[in-house]
Amino acid sequence: MKIHLSPHSQKSHGVTEAKKAELDSLTSQVLDAQLAVDTHQAIVNSVAAKQANIQTLLSIADNNKVASLNNRNVVNELVQKVIELKANSAIAMAETQTANTCTDKIVTGIKTLIDRLIYSAEIVNKLSALIIRRKAINPLVSDNLITMVGTAGNNANNAISLTLVALTTSFATQASNTESLAAMTLVSAKAKHFADSVSVTQLQSLPSLLHEVYNDSCLQYDRTFNALTIVTNQLNLAQAQLNKAQINLQSLQAGLAAANAAALAS
Amino acid sequence: MNPYNQNLNSAVCAVLQTQALTLKTLKAQHTASMFTLYYTQGAKIAATQNLVYAKSQLATHHIPIKQLANNATNLSANVLTSADQANQYVKQAVTNGAVAAANIQVAANAIIRLASDAESIFSIVSAADFDSEIYELAKKMRELLNETAYGAEQLAEDAMEASMKIAEVSAATVYDDAKNANLSACNLFKIVSAHFDAALQIVNAVSDSLTAVDIRENTAEGNYTDIETSVTAALAAYTSTNNTLNLNLNVVVNNVPGGYFSISFTPLHNPFKHDVANVNPIKAYFILLVKTSKAIAFNIIQAQQLHAINARCCVAVTESVSDKVLSQQISTETAWDADDEAIIPGNQYVAFIFAIFTDRYKKELNAFDDFLSAPSAPFAYSIPLNTPENSSIWVEDNNSNIIENAADLQISQAVKFSLPANTPGLAVEYRCIFLTVKKAGNEKLKKNTFGFIFNDVLAEAIASGNYGVAVPATGATNETITYNTAITPATTDNFGNPLIINNEYVPAILAVYSGGEAEKRAWYKPTLSDFYTTASFKYLASHY
């Protein structure tokens, strides 16, 4: 800045010199304060940009965390369902086995029944033949008895025919039941294999990997969140220092303006 | 100087000035291309790191997860098919069981009717007094049919129970469970497939951007080396001109504490060697330091005036290296410029050689002017700041039993360094910058190698968010001070990328003047530690 020196007496010259020195000192202080403001402004800008960057990273980390939590829940649900399937198929297999024991008993029973029935029917027929032969010799034999043995013969035929039907269907039942048992045993074995493959205890299983991903995403989120906290604190501090430097600059500028005005007025 | 010499001097000045200007322009371009190269290299490093990360995510998570989910889907589909089949068989068995039970009941009824017939026949036979053969046979028939009817009744009961047991088999539940498990597995597969596709897309995108950045880097590097070649050529031209036309006037700045300028030049000679008497036409040489801003205006008259009043800025040349080279050291602390002002660090100066011819030489030519050289290249002195030795920089982990990759272990690392204290009252900031190492130095490879260009100019330009300010240890009383920079999750490398766990970094320390006085900024030259030989460290997982 240029200061006009007044060419008056020695005394006033000395006063002007002092004023000039004061103005120079003030100007220098303003320059220093401006430097401080510029420095702090640069820091604030840089840290604010960094904060925005970390904020973006945090929202990415947050999305990842939400997605991996969802995946973890989905796999947990799957594991739960597979465990249910395994348990229920084992129960169903036991039930089929029980049913199978019953049908085994039926097929043995029906075989015994048909054998006995045929034997008995033979006896009925034999008696029937004997009585009819006796009637031919002795007409006194009751007609009623003749009718009855005839009916018994018919009924025996009927019973055998019905029991044979029952025998056929019983064996069909046993056959389908055996198939059921085989199929259910297979389901149970497959369900167990499936359950084992998604077990958490396996090192490289779906739940263990998806849990690992979730844990990683949590750690990443926490780290980023901490980074944001640190940078936010830095930003607040830098902003406070900038404000202080700005106030200092403003007051020095005001002081310099006043001193200039005074110097020009004298 | 006589008019001829003045003309020569003007010509020399003009030539040197033109060449100096070319050199200056090229150097500015060189710096600009250096920054371009640096930032492109930074982009390449970030892209490479992104690719490594994206690939590792794909390899360690997305690929195995998708495969396992695919397996689970296959297994569940398999179980579902079997469960469906079992359910069908069981349904058939239930139907068959019911039919069989009903048939057995019907048969049992018929057998009971037969048994009752047998009973009636036996009654009549008993009453009618038949012979023993018929009686015995009827009795036997009655007994056999009674037993058979009893067995049939029992069997009918058992068949009913069997039918019940078959109906109790929970095949439908198992089938529903298998359907649910299959739905769940398919749903999971859909989700993880989408994630896999996204991850694959990221790898492709990052790979593409790396290719693009790589091309840009090659261009920037080519441009940088081109300009470097031009700078070298321009400097050679300037040196050659200065050598021939300006006494090879050269100033070396020694930036040591209480630094000095070493000024050397070739003495003037009589252009004709046979004139033995006048082989050395110079009585005395003086060196004058002039502010660069005033160099153009500085002329022989001013030099003569300064010499005439015996001004303290005229430094007489007293040393001589050889017949062909004269040299003089001028301490920055005791030197004065042509304005009779002390040498200020950071200000640019040029040197002039002022030579006084011998009286005999003057008389011979009948020219009584003396000689002033053209200005030297501008130079500046700056006060060096202390920076730690490479061996005094180390990284401390707060946990001595470190398990690598242990994500849940809390480790905090800090860069520490120690150095002699600076001048009391001098405000110096130590910036800790983390550089990604391409290959860490070892016994075979003495120096660290980096994937980017780096120097003090670039270090000074790093934004404040991308370095850590070291904090001096409190209560240090001795002359050596230890500084500490904590590494936090917010710590980044020089380009602003967050540090990557298990990657190698080298801490570089930049000392800068941090005092508030604007004019002193130019006094102190930022000093960078020797990051080529500083030991690298592995960044470990830290949570806090």
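Calculation criteria
- Residues numbered from 1 in each chain as written.
- Chains lettered and ligands numbered in written order.
- Predicted model: local features only at pLDDT ≥ 70, side-chain atom pairs only at ≥ 80, totals over all residues.
- Helix = DSSP H or I, 4+ residues; strand = E, 2+ residues; numbered from the N terminus.
- Rg over C-alpha atoms; globule rule 2.2 N^0.38 Å.
- Buried ≥ 20, exposed ≤ 12 C-beta atoms within 10 Å, placed from the backbone.
- Contact = placed C-beta atoms within 7 Å.
- Axes fitted to C-alpha atoms, helices over the stretch in contact; angles between N-to-C directions.
- Parallel < 35°, antiparallel > 145°, perpendicular 65-115°, else oblique.
- Pairing = 2+ DSSP bridges.
- pLDDT = per-residue confidence, 0-100.
- Nonpolar A, V, L, I, M, F, W, Y, C, P; charged D, E, K, R; others polar.
- Core = buried A, V, L, I, M, F, W, Y, C linked by C-beta atoms within 7 Å.
- Domains from an automatic or database assignment.
- Left-handed = near helix turned anticlockwise from the far one by under 90°.

## Topic: the overall build of chain B
Helix and strand content of chain B: 6 helices and 20 strands. Expected size for 544 residues packed as a compact globule is a radius of gyration near 24 Å; at 51 Å, chain B overshoots this value by more than 25%. On the principal axes, the C-alpha backbone points of chain B span a range of 190 × 50 × 40 Å. The buried share of chain B, taken over its 544 residues, is 34%. Of all intrachain contacts in chain B linking residues separated by at least 6 positions in sequence, the fraction that spans at least 24 positions is 79%.

## Things to note about the overall build of chain A
The helix and strand inventory of chain A stands at 3 helices and 0 strands. Secondary structure elements in chain A, listed N-terminal to C-terminal, are α-α-α. Radius of gyration (C-alpha) of chain A: 54 Å, far over the 18 Å computed for a compact globule of 266 residues. Considering only C-alpha atoms, chain A reaches an extent of 190 × 35 × 15 Å along its principal axes. Within chain A, the proportion of its 266 residues that are buried is 34%.

## A few points about the packing of helix α1 (residues 3-127) of chain B against helix α3 (residues 171-245) of chain B
Running from amino to carboxyl end, α1(B) crosses α3(B) at an angle of 165°, the nearest separation of the two axes being 3 Å. On the basis of their axis angle, the class for α1(B) and α3(B) is roughly antiparallel.

## Observations concerning the sheet that holds strand β5 (residues 326-331) of chain B
All names here are of chain B. One open sheet accounts for 3 strands, arranged β1-β2-β5; its pairing is antiparallel. The outermost strands of the open sheet, each flanked by one partner alone, are β1 (250-254) and β5. Sheet twist, expressed as the mean angle between neighbouring strand axes with direction ignored, is 20°. Alignment of β1 against strand β2 (residues 260-265), held across 5 bridges, turns out to be antiparallel. Its bridge partner being in β2, Asn250 is matched across the sheet by Ser264.

## Notes on the confidence of the model for chain A
When the pLDDT values of chain A are averaged, the result is 89; 94% of them are 70 or greater. For the stretch residues 1-12 of chain A, pLDDT sits under 50, and the model shows 9 contacts to residues farther than four places along the chain or on other chains.

## Some thoughts on the interface of chain A and chain B
Opposite the 94 residues of chain A that make contact, chain B presents 83 residues. At the level of elements, α1 (10-137), α2 (143-197) and α3 (206-265) of chain A are the ones that each hand at least two residues to the side of chain A that touches chain B. In terms of residues, the side of chain A that touches chain B owes the most to one element, α1(A), which gives 47 residues. In the side of chain A that touches chain B, the residues fall into 52 nonpolar, 28 polar and 14 charged.

## A look at the nonpolar core
Residues Leu78(A), Val79(B), Ile104(B) and Ile111(B) are the most contacted members of the largest nonpolar core, which totals 91 residues. Of all elements in the fold, only α1, α2 and α3 of chain A together with α1, α2 (132-168) and α3 of chain B reach the threshold of two or more residues within this core. Per-element accounting of this core gives the leading share, 27 residues, to α1(B). Beyond its immediate chain neighbours, meaning those up to four positions away, Leu78(A) contacts Val198(A), Ala72(B), Ala181(B), Ser184(B), Ala185(B) and Leu188(B). Tyr38(B), Phe417(B), Ala508(B) and Leu510(B) belong to the second-largest nonpolar core, a separate cluster that totals 41 residues.

## Quick notes on unusual backbone geometry
Phi angles above zero are rare outside glycine, and Leu247(B) is one such case at about 60°. Position of Leu247(B) among the secondary structure elements: in the loop between α3 and β1.

## A closer look at the domain arrangement of chain B
Partitioning chain B into domains gives domain 1 (55-190), domain 2 (246-381) and domain 3 (390-538). Computed from C-alpha atoms alone, the centre-to-centre distance between domain 1 of chain B and domain 3 of chain B is 82 Å.

## Details of the sheet that holds strand β15 (residues 471-472) of chain B
Remark on secondary structure: sheet strands pair via backbone hydrogen bonds, oriented parallel or antiparallel. All names here are of chain B. Within the open sheet, the 4 strands sit side by side as β10-β11-β16-β15. Their pairing is antiparallel. Only two strands of the sheet have a single partner each, and these edge strands are β10 (393-397) and β15. Across 2 bridges, β15 lies against strand β16 (residues 480-487) in antiparallel orientation. Counterpart to Pro472 in the pairing with β16 is Tyr483.

## A look at the environment of Ser176(A)
With respect to the element layout, Ser176(A) can be found in helix α2. Given 22 C-beta atoms within a 10 Å radius, Ser176(A) is considered buried. Residues Ser176(A) and Thr96(A) lie 80 residues apart in sequence; the distance between their C-alpha atoms is 11 Å. Among all residues touching Ser176(A), those that are not within four sequence positions of it are Tyr89(B), Gln92(B), Ala93(B) and Asn96(B).

## Concerning the environment of Ser207(B)
Tracing the backbone shows Ser207(B) in helix α3. Note: C-alpha distance between Ser207(B) and Val315(B) (108 residues apart in sequence) is 64 Å.

## What to know about the packing of α3(A) against α1(B)
Closest axis-to-axis distance for the α3(A)/α1(B) pair is 10 Å, and the angle between their directions is 145°. Remark: the crossing between α3(A) and α1(B) carries left-handed chirality. Every residue of α1(B) that contacts α3(A) at Leu206(A), Leu209(A), Leu210(A) and Val213(A) is listed here: His61(B), Pro64(B), Ile65(B), Leu68(B), Ala69(B) and Ala72(B). Looking at the contact of α3(A) with α1(B) residue by residue, the classes come out as 9 nonpolar, 1 polar and no charged.

## Concerning the pairing of strand β12 (residues 428-439) of chain B
All names here are of chain B. Two elements, β12 and strand β17 (residues 504-513), share 9 bridges in a ladder whose sense is antiparallel. For Phe434, the partnering residue across the bridge sits in β17 and is Pro507. Bridge count for β12 against strand β14 (residues 468-469) is 2 bridges, and the pairing is antiparallel. Bridging from a neighbouring strand, Cys432 pairs with Gly468 of β14.

## Describing the confidence of the model for chain B
Residues and elements named next belong to chain B. Across chain B, the average pLDDT comes to 88, with 94% of residues at 70 or higher. Note that pLDDT drops below 50 for residues 400-408; the model gives that stretch 7 contacts with residues more than four away or on any other chain. Across the assembled chains, the prediction reports ipTM 0.79 with pTM 0.77.

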